[in-house]
Amino acid sequence: MDAIDVITTKRDGRELSREQIDWMIDAYTRGAVAEEQMAALAMAVLLNGMDRREIADWTRAMIASGERMDWSGLDRPTADKHSTGGVGDKITLPLAPLAAACGAAVPQLSGRGLGHTGGTLDKLESIPGWRASLSGTEMLGVLRDAGAVVCAAGSGLAPADRKLYALRDVTGTVESIPLIASSIMSKKIAEGTGSLVLDVKVGSGAFMKTVERARELARTMVELGTDAGVRTVALLTAMDRPLGLAVGNALEVAESVEVLAGGGPSDVVELTVRLAREMLAAAGITGGKDPEDALKDGSAMDTWRRMITAQGGDLDAPLPRAAETHTVLAPASGVLSHLDAYAVGVAAWRLGAGRARKEDPVSFGAGIVLHAKPGDVVQEGTPLMTLHTDDPSRFPRAQDSLSDAYTIGPAPALLPLIIDRLTP
Ligand code: URA
């Protein structure tokens, strides 16, 4: 087998055999296939696609490049959620303890943010003392004790994807549905969860800008999960405007704690409860406590406290706060008809909440708090949003990103929060 054969097969629009895929992924992971050869193959896949069998083989080969975790020793069924990412998407924080409080075991391996979307680990690291890296034994310990664990994926999990994702990032080959689906699902299947709920975001703040593309990605991932024996369902959800009112690491932790205390913005509560019900159903847990009740009776909050303190987090210490704030005022009275998720995400990133390169630090206190959401009536001169940063020289660039981000005018044409549900 040689790399040029594999590249030209896909370049010419033909199907890759299982043997070609296995060989290429294995040789690339070992360093026997050059980065430029894999880049050429990734571009050929982006342009010519892969069919269901090829995507399944590609995913299986990436899983086989590393270890596969096994939670069969637990006394509860496992369930996880994966979101394709968006602005203000802090749902994992209240959701993992909530699903655990209702009877699921939630082993969640999460990532850090890059660009305008935040990462769950960055958010949790804003809690003083909280530690993202756990050994396999520690992960099992937290899972047994709290019912949920959120931590960083070790380097042994789907190493082929780790290498390939970094390459795609710099070769214009991220936006391929077969490559995105196999990248996400190889990690989730290797993580060893028995059931999985996918939250595929749609809109300006998401990877997938249209419902059609999001549906195709969701369908591909549901097929991959199902073929690998993981009970998988997907929701398509709105990301044309930010989720909740807080965007930025510590700000989102504070909002998540409000949800766990029985309050919080209605869209965050609705999506958290719906995803928790989907996780329980996918895991086959019926007749137990309903997630809405677990938010009201404090059991989800108790689980959150156990889960965070088990990883060194000090929940009595104050969360980091940015040194400087600037309030943006409504320029007119009327209905806020549009508030663009992508522009708000870029502004929060420019304030220091996100990173441009993987190795950059994030500012935990930076971000944006919204005072109005699309559909709300605002009065001229009242606060629309507050920008938070440690470095006031960042305000002008953040404000540039917000200059066309909102409209006060006619009634909004918004995507419904939950657009669609896909099952195998
Ligand atoms: N997230 C991933 O893990 N992989 C992709 O390809 C895109 C988003």
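Remember, predicted model here, so these are calculated numbers, not experimental data.

## Here we look at the overall build of the chain
Part 1: Within the chain one finds 16 helices and 13 strands.
Part 2: Here the C-alpha radius of gyration of the chain, 21 Å, is about what a compact globule of 424 residues would show, namely 22 Å.
Part 3: Based on the C-alpha atoms only, the size of the chain along its principal axes is roughly 65 × 45 × 35 Å.
Part 4: A sequence separation of at least 24 residues applies to 79% of the contacts in the chain between residues at least 6 apart.
Part 5: Of the accessible surface of the chain, which amounts to about 16,700 Å², a share of 51% is contributed by carbon and sulfur atoms.
Part 6: The positive charge centre, built from 43 side chains, and the negative charge centre, built from 55, are 2 Å apart in the chain.

## Here we look at the site of the ligand
Part 1: Taken together, the neighbourhood of the ligand is formed by Tyr165, Arg168, Ile180, Ser183, Ile184, Lys187 and Phe207.
Part 2: In this structure, Lys187 approaches the ligand through a side-chain N or O atom, which is 2.5 Å from an oxygen atom.
Part 3: Taken by itself the ligand offers 240 Å² of open surface, and the protein chains cover 89% of this.
Part 4: Within the residue set of the shell around the ligand, elements represented by two or more residues are helix H8 (159-169) and helix H9 (177-190).
Part 5: Sorting elements by how many residues they give to the shell around the ligand places H9 first, with four residues.

## Comments concerning the domain arrangement of the chain
Part 1: Entries for the chain in the domain assignment read domain 1 (3-49), domain 2 (80-154 + 186-316) and domain 3 (324-409).
Part 2: Between domain 1 and domain 2, the C-alpha centre-to-centre distance is 33 Å.

## Some thoughts on the pattern of salt bridges
Part 1: Applying the stated criterion to the full structure yields 33 salt bridges.
Part 2: Salt-bridge contacts for Asp12 lead to Arg14; the nearest nitrogen and oxygen are separated by 3.8 Å.
Part 3: Through salt bridges that share partners, Glu15, Arg18, Asp22, Arg53, Asp57 and Arg60 make up one connected network.

## Quick notes on the nonpolar core
Soluble globular proteins: nonpolar side chains tend toward being buried together.
Part 1: Membership of the largest hydrophobic core comes to 132 residues, with the highest contact counts inside it found for Met38, Leu41, Trp58, Trp304, Ile368, Met385 and Leu387.
Part 2: If one sorts the elements of this core by residue count, H9 sits on top with eight residues.
Part 3: The residues contacting Trp58, other than those within four sequence positions of it, are Leu16, Ile21, Ile25, Met38, Leu41, Met50, Leu164, Leu179 and Ser182.

## Some thoughts on the pairing of strand E2 (residues 106-110)
Part 1: When you tally the buried positions in E2, you get five out of five residues, the bulk of the element.
Part 2: The alternating pattern of E2 places Val106, Gln108 and Ser110 on one face and Pro107 and Leu109 on the opposite face, and all of these are buried.
Part 3: Across five bridges, the pairing between E2 and strand E3 (residues 148-152) is parallel. Its bridge partner being in E3, Leu109 is matched across the sheet by Cys151.

## Some remarks on the sheet that holds strand E8 (residues 334-339)
Part 1: In space, the three strands of this open sheet follow the order E10-E8-E12, with antiparallel pairing throughout. The open sheet is flanked by strand E10 (377-378) and strand E12 (406-409), the only strands paired with a single partner.
Part 2: The sheet contact formed by E8 and E12 spans four bridges and is antiparallel. Looking at E12, one finds that Leu336 is bridged to Ile408.

## Things to note about unusual backbone geometry
Part 1: For Ala158, which is not glycine, the phi torsion reads 45 degrees and is therefore positive.
Part 2: On the secondary structure map, Ala158 appears in the loop between E3 and H8.
Part 3: Judged by its relative accessible area of 1%, Ala158 falls in the buried class.

## What about the environment of Pro97?
Part 1: By secondary structure assignment, the location of Pro97 is in helix H5 (residues 92-101).
Part 2: Judged by relative accessible area, which is 0%, Pro97 ranks as buried.
Part 3: Distance from Pro97 to Ala3, taken between C-alpha atoms, is 46 Å for residues 94 residues apart in sequence.
Part 4: Ignoring anything within four residues of it in the chain, the contact list for Pro97 reads Thr92, Ala148, Leu260, Ala300, Thr303, Trp304 and Met307.

## What about the side chain of His388?
Part 1: Relative to the helices and strands, His388 is located in strand E11 (residues 383-389).
Part 2: Apart from residues no more than four positions distant in its own chain, His388 is found in contact with Leu251, Ala322, Glu324, Thr325, Leu351, Gly365, Ala366, Gly367 and Val369.

## Structural notes on the sheet that holds strand E9 (residues 367-370)
Part 1: A sheet is described by the order of its strands in space; here four strands give the open sequence E6-E9-E11-E7, paired in antiparallel fashion. Each edge of the open sheet carries a strand with a single partner, namely strand E6 (246-247) and strand E7 (324-329).
Part 2: Sheet topology places E7 next to E11; six bridges connect them, and they run antiparallel. Bridge pairing links Thr325 to His388 in E11.
Part 3: Sheet strands in contact with helix H15 (residues 341-353) are E6, E9 and E11, and its direction is about 135 degrees off that of E9.
Part 4: Sheet contacts for helix H16 (residues 395-402): E7 and E11; angle to E11, the most-contacted strand, approximately 140 degrees.

The rules behind these values
- Residues numbered from 1 in each chain as written.
- Predicted model: local features only at pLDDT ≥ 70, side-chain atom pairs only at ≥ 80, totals over all residues.
- Heavy atoms only, no water.
- Helix = DSSP H or I, 4+ residues; strand = E, 2+ residues; numbered from the N terminus.
- Rg over C-alpha atoms; globule rule 2.2 N^0.38 Å.
- Contact = heavy atoms within 4.5 Å.
- Areas by Shrake-Rupley, 256 points an atom, 1.4 Å probe, with all protein chains shown as cover.
- Lys, Arg positive; Asp, Glu negative; His and termini not counted.
- Charge placed at Lys NZ, Arg CZ, Asp CG, Glu CD.
- Near = heavy atom within 4 Å.
- Polar contact = N/O pair within 3.5 Å; in protein donor to acceptor, adjacent residues only side chain to side chain.
- Domains from an automatic or database assignment.
- Salt bridge = Lys/Arg side-chain N within 4 Å of Asp/Glu carboxyl O.
- Core = buried A, V, L, I, M, F, W, Y, C linked by side-chain atoms within 4.5 Å.
- Buried < 20%, exposed > 50% of the residue type's maximum accessible area, 1.4 Å probe, protein only.
- Pairing = 2+ DSSP bridges.
- Axes fitted to C-alpha atoms, helices over the stretch in contact; angles between N-to-C directions.

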